[in-house]
Amino acid sequence: VHRLADLRGSRARSLRIRLDEGGADTAFPGQLKQILQGARDGSVEVVVDYTRADCKARIQLGEQWRVHPSDNLLNRLRQELGSDQVSLEYR
């Protein structure tokens, strides 16, 4: 029997954060850094999909920002950004 958190960490490929123009203010990068800080040194990459009316961008954070996708991390991100804005992609 495996713990869900262990399976999530070994099978998840990326943590996706969807963000639109209205969902980010100038404080967002600092807030994201603070939330991710405690989950760093994991194996799951963090990707931010940013959408505006006139463009879209996919921002993949560097290797130093790979995370452990714990319940605590996912809950904090979903609380801050909305539950439909945060997801895991699996291999």
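Just above sits the structure.
Numbering of residues starts from 1 in every chain and runs along the sequence as written. For a predicted model such as this one, the threshold for reporting local features is a pLDDT of at least 70, and the threshold for listing and counting side-chain atom pairs is 80 or more; totals across whole chains, interfaces and linings nevertheless cover every residue. Processing note: side-chain calculations cover all non-hydrogen atoms of the structure and skip hydrogens and water entirely.

Before going further, it helps to spend a moment on the nonpolar core. Nine residue types can take part in a nonpolar core, namely buried Ala, Val, Leu, Ile, Met, Phe, Trp, Tyr and Cys, and a core is a set of them joined through side-chain atoms within 4.5 Å. The cut-offs for exposure are 20% and 50% of the maximum accessible area for each residue type, with area from a 1.4 Å probe on protein chains only; residues under the lower value are buried, those over the upper are exposed, and the others partly exposed. Leu 15, Val 67, Leu 73 and Leu 77 are the most contacted members of the largest nonpolar core, which has 20 residues in total. Contacts are assigned to residue pairs with any non-hydrogen atoms lying within 4.5 Å of each other. Sequence-distant contacts of Leu 15, defined by excluding residues within four places in its chain, comprise Val 44, Glu 45, Val 46, Val 47, Val 67, Leu 73, Leu 74, Leu 77, Val 86, Ser 87 and Leu 88.

Here we take up the sheet that holds strand E2 (residues 40-51). Picture the strands of a sheet paired through backbone hydrogen bonds; they go either parallel or antiparallel. Read across the open sheet, the four strands follow the order E3-E2-E1-E4; overall the sheet is mixed. Of all the strands in the sheet, the pair left with one neighbour each is strand E3 (56-60) and strand E4 (86-90). On average, each strand axis in the sheet is inclined to that of its neighbour by 25°, with strand direction left out of account. When DSSP locates at least two bridges between a pair of strands, those strands are taken to pair. Runs of E in the DSSP output that reach at least two residues are strands. Runs of H or I that reach at least four are helices, and both are numbered from the N terminus. Here strand E1 (residues 12-20) runs beside E4; their pairing, made up of five bridges, is antiparallel. Bridge pairing in E4 places Ile 17 opposite Val 86. Under this scheme, a helix contributes an axis fitted over its contacting stretch, all axes are lines through C-alpha atoms, and angles between N-to-C directions fall in the 0 to 180 degree range.

Attention now goes to the packing of helix H2 (residues 28-37) against helix H3 (residues 71-81). Two elements in contact, H2 and H3, have axes whose closest approach is 10 Å; the angle formed by their N-to-C orientations is 160°. Here H3 runs roughly antiparallel to H2, going by the angle between their axes. At the point where H2 passes H3, the crossing takes the right-handed sense. Contacts between H2 and H3 involve Phe 28, Gln 31, Leu 32, Gln 34, Ile 35 and Leu 36 from the first element and Leu 73, Arg 76, Leu 77, Glu 80 and Leu 81 from the second. Residues belonging to the contact of H2 with H3 are distributed by class as follows: seven nonpolar, two polar and two charged. Should an angle lie under 35 degrees it is considered roughly parallel, over 145 roughly antiparallel, and from 65 to 115 roughly perpendicular; all remaining angles are considered oblique. Left-handed describes a crossing in which the near helix is turned anticlockwise from the far one by less than a right angle; the clockwise case is right-handed. Here the nonpolar group is Ala, Val, Leu, Ile, Met, Phe, Trp, Tyr, Cys and Pro; Asp, Glu, Lys and Arg are the charged ones; every other residue, Gly included, is treated as polar.

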